[in-house]
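# Close look at the chain arrangement
If you want the building blocks of each chain, they are given just below.
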Amino acid sequence: MNPGKALLRPDMMPHILCPGCGHGIVLNVLIRVLARRYASLDKVALVAGIGCSSRIVGYIDANTLHTTHGRALSFATGLKLARPDMTVIVVTGDGDGLGIGGNHLIHAARRNVDLTCILFNNETYGMTGGQLAPTTVTQAYTTTSPYGNRERAFDAALLATAAGATFVARGQAFRPDLLDDLLDQALDHRGFSFVDVMTDCTEYFGRKNALGGGSDLLFSQSRSDVEVTRDLNEWPQLQDPHGFAIRETLAMGVLHESDRPTLEAVMGLSGYRRGEG
Amino acid sequence: MNDPAQMSANLVVAGVGGQGVVLAGNIISEVTLAYGLDVKKAEVHGMSQRGGSVSAQVRFGPEVHGVLVEKGRLDWIVAFEWAEALRWLPLLGSHGSVFASTEQVIPPVSLRDRVEGKVRYPLEFTQHPRIRAFDASGLARQAGNVKTAGVALLGALSSALPFSVEAWHQAIKEWVPAKAVEVNLRAFDLGRQWQSAPPPRPVPVSELVPRQVWLSLEESWCKGCGICVNVCPERIWRLNERNVVEVQEVERCTGCGLCEKLCPDLAIDVVVESASAAAWGGAKLWQPN
Amino acid sequence: MAAELISGNEACARGAIAAGLTFFAGYPISPSSEIAEALARLLPANQGVFIQMEDEMSSLGAVLGASLGGAKAMTATSGPGFTLMQEHLGYAGLAEIPCVVVDVMRVGPSTGVPTAPSQGDVMQARWGSHGDRATVALVPASVPEIYQMTITAFNIAERLRTPVVLLYDEVLAHMRERVELQPPAESALWERPRASAEPGPRFQPYAANRELTAQLPNFGEGYHFHVTGLMHDERGYPTTDPETVRRLMARLDGKVEPVPGWVPPERYRLDDADWVFVAYGITARVAREAVDRLRESGVAAGLYRPRVLWPVAPGQLSEQLGRARTVVVAEMNQGQWADVVARYRPATVRVLSQGKLGGEPFTTEELLGLAQELTAKGATVL
């Protein structure tokens, strides 16, 4: 059983996500991790932007904040600096966090505020109907790339690393135990931790690219004999009927970790206890 | 202990893809060869990708003919994963033993070669008193690399066999990559020590074997995506005419928890022994026994 | 209290500190940057947090996050930045998060004339955010009043859990005046309402008190609740029910209604005035002098100076202007507040809009010239 279910707001369930949506699996893992780590969520805040991913904070009975499109990290920065005693977790999507909110992501990473940012990466704008995202792989079809995506996708983890995040990891909905471990490590980390989570949009991205239903998409994340290691793993290739690679090869696991004082510590904020400065 | 040169036995190494099952079988075979024994080894890893079911049957003795172990003739099961141990129980002889890792590996990808769901777990065998389980992964981590869990299990197995430590070490050196020799030897020794030392807490079989499983489904949350249907190694879920999942043949549930962890709707709970059914009032419950 | 010579922007920063400001986030923009500069110096020394964000959207975002954590929080900007903050102003209004936003107005649209004064953000303060929303905008006219009104802005923001916009122009921002700053007594500082119910599954953060204000606790106080920019019910959960939405909107409108009563307008020689200037901010200072000069020449002139531009109290406005015959609304824009006056004027009052663009404040001579021109054209009075 998942002890995290006790943390759900029963009146809000069932959630709004589509059948087979990978985001639900990430929520499943996240509440499990929260239940294991925190006896009470009194001092835990979950801050989200706008989009399918960002809706999930509303299902967790904590201090939850559903903000504007792309700006979750700015709200979280303010909250954390005002309340350094709290644990602040940011839930964002690829469009939210890398498109409209990309600027906030790089600056949050640069500042190294003690936040944990979980980016649900399904390579598309789901809530608005499956449009091209900054993470859509080249040539993939979306409702706004009917001839295939002409652009190149962001590597969110590389971006966060370059911007100065002190913990960067990538997991996938398909490997809940790995994701569990990565979220745990990210929450352990002092400083800005960033977890890029590959999930699936079955209704739009899956359908547009003829990738099948929830199970098919989920299993497509697994086409690899390569073991997930701490350092590197191949993300599987999946061909669509037209022969291009839907899934780019991406590294999995903890991709970057470094030690740098947090902004709270540098500012000498009282009440900032984790790690005692 | 028996004279190693006259020893004959049947064993199976079982696990999932990526755990080193074939390698372990090779090491055991190598050891028996060092004592001049005849050895036959059969591997099943056809379609298994990472996480798929893999096994290696090893038969050795002064003279061995058939390659496959017959029902009731299996002496040892070395299981890297729980559900895989259960799979082999029907073949275990009355004096047979199981060395198993207590870690439950969630093998999401294993499922493709399990889809037929033909395996039935005979409950009577799960009560077998000679199941010995320990945290092989923990020992492996202690040795320095979690991937050496299988070799740690071999260490445990080795204490039940009459072959010398040196022979085991030699076989390990021959089969593992040069840079991994040291960590594997450490894991082997730790596994062997575990077996020779009394276990810190004798674990009753009933606790180890996840038979007391309840499955609970919050029907109103299920959106019928079918992930559990496809992901269950035993194929116990199906979508009914209302496009909501329900359980068939619940007794085949091993409690691996895969459906629970991969359910995007958070509708499934797999409760292994810890909670009473009463705690799940309201939700649909299945109880295998 | 020692006399000091300080600028409007410094008075704003000092007022914020006096009001108990503990968090400021901002992004540099002329002519407001001195507020950020002053608070970067003052806040850390007063156990507060100053942070310069990457843009105006994140500045107000950080302010709202901090406010939810319990901080008294503020940002300051100018027209272009104010435009970028509009989405979060709407959010703060709907989610009922106290904050103060200072907009030091400069000539627009777009980059306009940096950084000449203007009063062109009046309607932006009212309707800049999409959708209908309740708005509170205060408009000071002197350096000492900037200090006092910054404190008032926090009081209203906290008490009604709403964003409060403080509007003044570049001239006031950089003008230095002699002030004797009187820090407010503890009792003069209003606090946000405290949750009256216990934490628990039935807790309703958006259940209103008698002042129609939600009683959200701060984050981290043991209450678990949801804050969203979606229309929500009293539990804070999203809703699309039209009746619930209407009720919420009506409550948000209703709760700011008392504000004009709390911050009454200045009535200068208004009691017997036939000829009335309506002016606010820097323009009111000039109009005041014009009133004196007109009185010297025998004209019954007066000044109505609103301190609150939004919300409008229609009753107050029509009552105050009731005796006048001619009302001239002078403002450094194309007549943004003149429309409001025209809308609520008594039937007997003629309202003329006198706007001025180009980045120069009105002069007394201009207003007097205007009076003469109107007389020459045969305005009934004067």
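What counts and what doesn't
- Residues numbered from 1 in each chain as written.
- Chains lettered and ligands numbered in written order.
- Predicted model: local features only at pLDDT ≥ 70, side-chain atom pairs only at ≥ 80, totals over all residues.
- Heavy atoms only, no water.
- Helix = DSSP H or I, 4+ residues; strand = E, 2+ residues; numbered from the N terminus.
- Buried < 20%, exposed > 50% of the residue type's maximum accessible area, 1.4 Å probe, protein only.
- Contact = heavy atoms within 4.5 Å.
- Areas by Shrake-Rupley, 256 points an atom, 1.4 Å probe, with all protein chains shown as cover.
- 1 Å grid on protein atoms, 1.4 Å probe; cavity = no way out; pocket = protein on both sides within 12 Å on 5 of 7 lines; lining within 4 Å.
- Points joined across faces, edges and corners; volume = space filled by probe spheres on them.
- Nonpolar A, V, L, I, M, F, W, Y, C, P; charged D, E, K, R; others polar.
- Core = buried A, V, L, I, M, F, W, Y, C linked by side-chain atoms within 4.5 Å.
- Polar contact = N/O pair within 3.5 Å; in protein donor to acceptor, adjacent residues only side chain to side chain.
- Salt bridge = Lys/Arg side-chain N within 4 Å of Asp/Glu carboxyl O.
- Axes fitted to C-alpha atoms, helices over the stretch in contact; angles between N-to-C directions.
- Parallel < 35°, antiparallel > 145°, perpendicular 65-115°, else oblique.
- Left-handed = near helix turned anticlockwise from the far one by under 90°.
- Pairing = 2+ DSSP bridges.
- Right-handed = clockwise from strand over helix to strand, strands pointing away.
- Phe/Tyr/Trp six-rings, centres within 6.5 Å; stacked < 30°, edge-to-face > 60°.
- pLDDT = per-residue confidence, 0-100.
- Buried area = accessible area lost by both parts, 1.4 Å probe.

Attention shifts here to the overall build of chain B. Secondary structure summary: chain B contains 10 helices and 11 strands in total. Here chain B holds 289 residues, and 58% of them are scored as buried. For chain B, contacts bridging at least 24 residues in sequence account for 69% of all contacts bridging at least 6. Split by element, the accessible area of chain B, about 12000 Å² in all, is 52% carbon and sulfur.

A tally of helices and strands in chain A yields nine helices and nine strands. Per-residue burial for chain A yields a buried fraction of 66% across its 277 residues. For chain A, long-range pairs separated by at least 24 residues make up 67% of all intrachain contacts whose partners lie at least 6 apart in sequence. Element-wise, carbon and sulfur atoms account for 52% of the exposed surface of chain A, whose accessible area totals about 9000 Å².

Residue and element names in this part refer to chain C. Considered as a void within the structure, the second largest pocket measures approximately 850 Å³ in volume. Considering the residues around the second largest pocket, the lining is formed by 41 residues, among which Arg-126, Gly-131, Asp-132, Arg-133 and Ala-134 are closest to the centre. Broken down by element, the residue count for the lining of the second largest pocket peaks at six residues, all from helix α8 (residues 242-256). Of the residues that constitute the lining of the second largest pocket, the class distribution is 19 nonpolar, 13 polar and nine charged.

Take empty space enclosed by the protein next. Residues and elements named next belong to chain B. Counted under the stated rule, the structure contains five cavities of 30 Å³ or more. Looking at the largest cavity, its volume works out to about 90 Å³. As for the largest cavity, its lining consists of 14 residues, and the residues nearest its centre are Cys-232, Pro-233, Cys-253, Cys-256 and Cys-259.

Counting residues in each nonpolar core, the largest one holds 85 residues, and the members touching the most others are Phe-192 of chain A together with Phe-23, Val-227 and Trp-337 of chain C. Aside from chain neighbours lying at most four places away, what touches Val-227 of chain C is Thr-64, Leu-65 and His-66 of chain A together with Leu-68, Tyr-91, Ala-95, Ile-97, Tyr-206, Leu-216 and Phe-219 of chain C.

Our next topic: the side chain of Thr-148 of chain B. Residue and element names in this part refer to chain B. Take Thr-148: it is sitting in the loop between α4 (136-143) and α5 (149-158). For Thr-148, the side chain forms a polar contact with the main-chain oxygen of Asn-145, separated by 2.7 Å. With residues up to four places along the chain from it excluded, the contact list for Thr-148 reads Ala-140, Ala-143, Val-183, Asn-184 and Ala-187.

The next thing to look at is the pattern of salt bridges. Any two side chains of opposite charge can pair, so long as their charged atoms come close to each other. For the structure on display, the rule yields 42 salt bridges over all chains. Arg-186 of chain B is the partner of Glu-182 of chain B in a salt bridge, and the nearest nitrogen-oxygen pair spans 3.9 Å. Highlighted residues: Glu-182 of chain B and Arg-186 of chain B, both in helix α7 (residues 181-196), separated by four residues, approximately one helical turn. The exposed category is assigned to Glu-182 of chain B, whose relative accessible area is 59%. Within this structure, Arg-36, Arg-37, Asp-180, Asp-184 and Asp-188 of chain A form a network of salt bridges that share partners.

Residues and elements named next belong to chain A. The contact between helix α1 (residues 22-37) and helix α6 (residues 176-188) brings their axes to 9 Å, and the two run at 50 degrees. On the basis of the axis angle, α1 is oblique to α6. Considering only the axes of α1 and α6, their crossing is right-handed. Here Val-26, Val-29, Leu-30, Arg-32, Val-33, Arg-36 and Arg-37 of α1 lie close against α6, whose contacting residues are Pro-176, Leu-179, Asp-180, Leu-183, Asp-184, Leu-187 and Asp-188. A per-class count over the contact of α1 with α6 returns eight nonpolar, no polar and six charged.

Turning next to the pairing of strand β4 (residues 73-78) of chain C. Residues and elements named next belong to chain C. Within β4, six of the six residues are buried, leaving the element largely enclosed by the surrounding structure. Sheet topology note: the strand β2 (residues 23-26)/β4 ladder contains two bridges and is parallel. Directly across from Phe-24, in β4, lies its bridge partner Met-74. Direction of pairing for β4 relative to strand β5 (residues 99-107): parallel, over a ladder of five bridges. Residue pairing across strands places Met-74 opposite Val-100, the latter belonging to β5. Once you follow β4 into helix α4 (residues 79-95) and on to β5, the crossover reads as right-handed.

If you walk across this open sheet you meet the eight strands as β9(A)-β7(A)-β8(A)-β4(A)-β3(A)-β1(A)-β2(A)-β10(C), and the pairing is mixed. With one partner strand each, in any of the chains shown, β9 (253-257) of chain A together with β10 (225-228) of chain C form the two edges of the open sheet. Strand-to-strand twist of the sheet, defined as the mean angle between neighbouring strand axes without regard to direction, takes the value 15 degrees. Of the strand pairs in this sheet, strand β3 (residues 87-93) of chain A and strand β4 (residues 115-121) of chain A are connected by six bridges, and their pairing is parallel. Opposite Val-88 of chain A, over in β4 of chain A, you have Leu-115 of chain A as the bridge partner.

Our next topic: the packing of aromatic side chains. All names here are of chain C. For the structure shown, the criterion picks out 11 aromatic pairs over all chains. Look at Phe-203 and Phe-225: their rings are 6.3 Å apart centre to centre, the planes differ by 65 degrees, and that puts the pair in the edge-to-face class. Within this pair, whereas Phe-203 is found in the loop between β9 (176-179) and β10, its partner Phe-225 is found in strand β10, the two being separated by 22 residues in sequence. You'll find Phe-203 and Phe-225 in the same group, each marked buried. For the ring pair Trp-275 and Phe-277, a centre distance of 5.8 Å and an interplane angle of 85 degrees mean the geometry is edge-to-face. The class for Trp-275 is buried, based on a relative accessible area of 0%.

This next bit is on the confidence of the model for chain A. Confidence in the prediction of chain A, expressed as mean pLDDT, is 87, and 88% of residues score 70 or more. Every residue in residues 223-246 of chain A scores below 50 in pLDDT, and together they form 83 contacts with partners more than four places removed in sequence or on other chains.

Turning our attention to the packing of helix α3 (residues 56-68) of chain C against α4 of chain C. Residue and element names in this part refer to chain C. Taken N-terminus to C-terminus, the directions of α3 and α4 make an angle of 30 degrees; their axes are 8 Å apart at the nearest point. Relative to α4, the element α3 lies roughly parallel. In terms of crossing hand, the pair formed by α3 and α4 is right-handed. Across the interface between the two elements, Glu-56, Met-57, Ser-59, Leu-60, Gly-61 and Leu-64 of α3 pack against Gly-81, Leu-84, Met-85, His-88, Leu-89, Tyr-91 and Ala-92 of α4. Residue composition of the contact of α3 with α4, by class: eight nonpolar, four polar and one charged.

Attention shifts here to the environment of Gly-355 of chain C. Residue and element names in this part refer to chain C. Here Gly-355 is to be found in strand β16 (residues 350-355). Owing to a relative accessible area of 33%, Gly-355 belongs among the partly exposed residues under this scheme. Expressed as a C-alpha distance, the spacing of Gly-355 and Val-227, which sit 128 residues apart in the sequence, is 41 Å. In this view, Gly-355 contacts Glu-331, Asn-333 and Phe-362; residues no more than four positions away in its chain are not counted.

Attention now moves to the interface of chain A and chain C. At the interface, 36 residues of chain A touch 36 residues of chain C. For the pair chain A and chain C, the summed buried surface comes to about 2800 Å²; carbon and sulfur atoms form 60% of the total. Our enumeration of links across chain A and chain C arrives at two salt bridges. Close ionic contact of Glu-54 of chain C with Arg-111 of chain A constitutes a salt bridge, the shortest N to O distance being 2.7 Å. Taken together, chain A and chain C are joined by 20 residue pairs in polar contact (both at pLDDT 80 or more). At the level of elements, β2 (63-66), α2 (72-82), α4 (102-111) and α9 (263-267) of chain A are the ones that each hand at least two residues to the side of chain A that touches chain C. Considered class by class, the residues forming the side of chain A that touches chain C number 14 nonpolar, 13 polar and nine charged. Across four bridges, β2 of chain A lies against β10 of chain C in parallel orientation. Its bridge partner being in β10 of chain C, Leu-65 of chain A is matched across the sheet by Val-227 of chain C.

Here we take up the environment of Leu-74 of chain B. All names here are of chain B. With respect to the secondary-structure elements, Leu-74 resides in strand β4 (residues 74-79). Along the sequence, Leu-74 and Val-13 sit 61 residues apart, while their C-alpha atoms lie 11 Å from each other. With residues near it in sequence (within four places) discarded, Leu-74 still touches Asn-10, Leu-11, Val-12, Val-69, Trp-88, Leu-91, Leu-92, Gly-93 and Gly-96.

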